[in-house]
Amino acid sequence: MAAYEMTVSVRTRYLEDQSEPDHLKYVFAYAITIKNTGTVAAQLISRHWTITDATNHIEEVRGLGVVGQQPLLPPGEQFEYTSGATLKTPQGSMVGEYFCVAEDGEQFTVKIPEFVLSLPRTLH
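Residues numbered from 1 in each chain as written. Predicted model: local features only at pLDDT ≥ 70, side-chain atom pairs only at ≥ 80, totals over all residues. Heavy atoms only, no water.

K.L.:
Would you mind going over the side chain of T52 in detail, with residue names and values included?
P.N.:
Considering the arrangement of structural elements, one finds T52 in strand β3 (residues 42-53). Ignoring any residue separated from it by four or fewer positions in sequence, one finds T52 in contact with H57, I58, G92 and S93. (Helix = DSSP H or I, 4+ residues; strand = E, 2+ residues; numbered from the N terminus. Contact = heavy atoms within 4.5 Å.)

K.L.:
Outline the nonpolar core, supporting the account with residue identities and numerical values.
P.N.:
As a rule of thumb, soluble globular proteins bury nonpolar side chains together. By size, the foremost hydrophobic cluster in this structure holds 29 residues, and its most contacted members are I34, W49, Y81 and Y98. Mapped onto this core, the elements with two or more residues apiece are β1 (6-14), β2 (26-36), β3, β6 (78-87), β7 (91-102) and β8 (107-118). Not counting residues up to four positions away in its chain, the partners in contact with W49 are Y30, I32, E59, E60, V61, Y81, M94, V95, G96, Y98, I112 and F115. (Core = buried A, V, L, I, M, F, W, Y, C linked by side-chain atoms within 4.5 Å. Buried < 20%, exposed > 50% of the residue type's maximum accessible area, 1.4 Å probe, protein only.)

K.L.:
Give me the lowdown on the packing of aromatic side chains, citing residues and values where you can.
P.N.:
Per the counting criterion, the structure on display carries seven aromatic pairs. Ring geometry for Y30 and F115: centres 5.8 Å apart, planes at 50°, overall tilted. Of the two residues, Y30 is situated in strand β2 and F115 in strand β8; the sequence distance between them amounts to 85 residues. (Phe/Tyr/Trp six-rings, centres within 6.5 Å; stacked < 30°, edge-to-face > 60°.)

Distances and angles like these do not, on their own, reveal function.
Structural data, given as structure tokens:
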């Protein structure tokens, strides 16, 4: 097991009640679980997202923490949060990374695997 390791899982859903397809506004929620699968406690410091819609329009998002927090995760602990993204198309994707600092001062990056944002029943 690596000393500095986090695993990330994602669940997504389309928020029909907040979307306005006639105005090219498609709102999605994503729930993320970050689990410290390493052997050293580490704190999530910042995030970087690349959000791409179906027209290949790319938006980069960078910021401190997640949902206003910079969680410290001891080995085996996890942190869950929900956030959202608005696209101008009914499909898109997100990929990113978290920047973390371990309790011993080691800095490392956690890759967030690409995931799809899509209206229900639009992928075949």
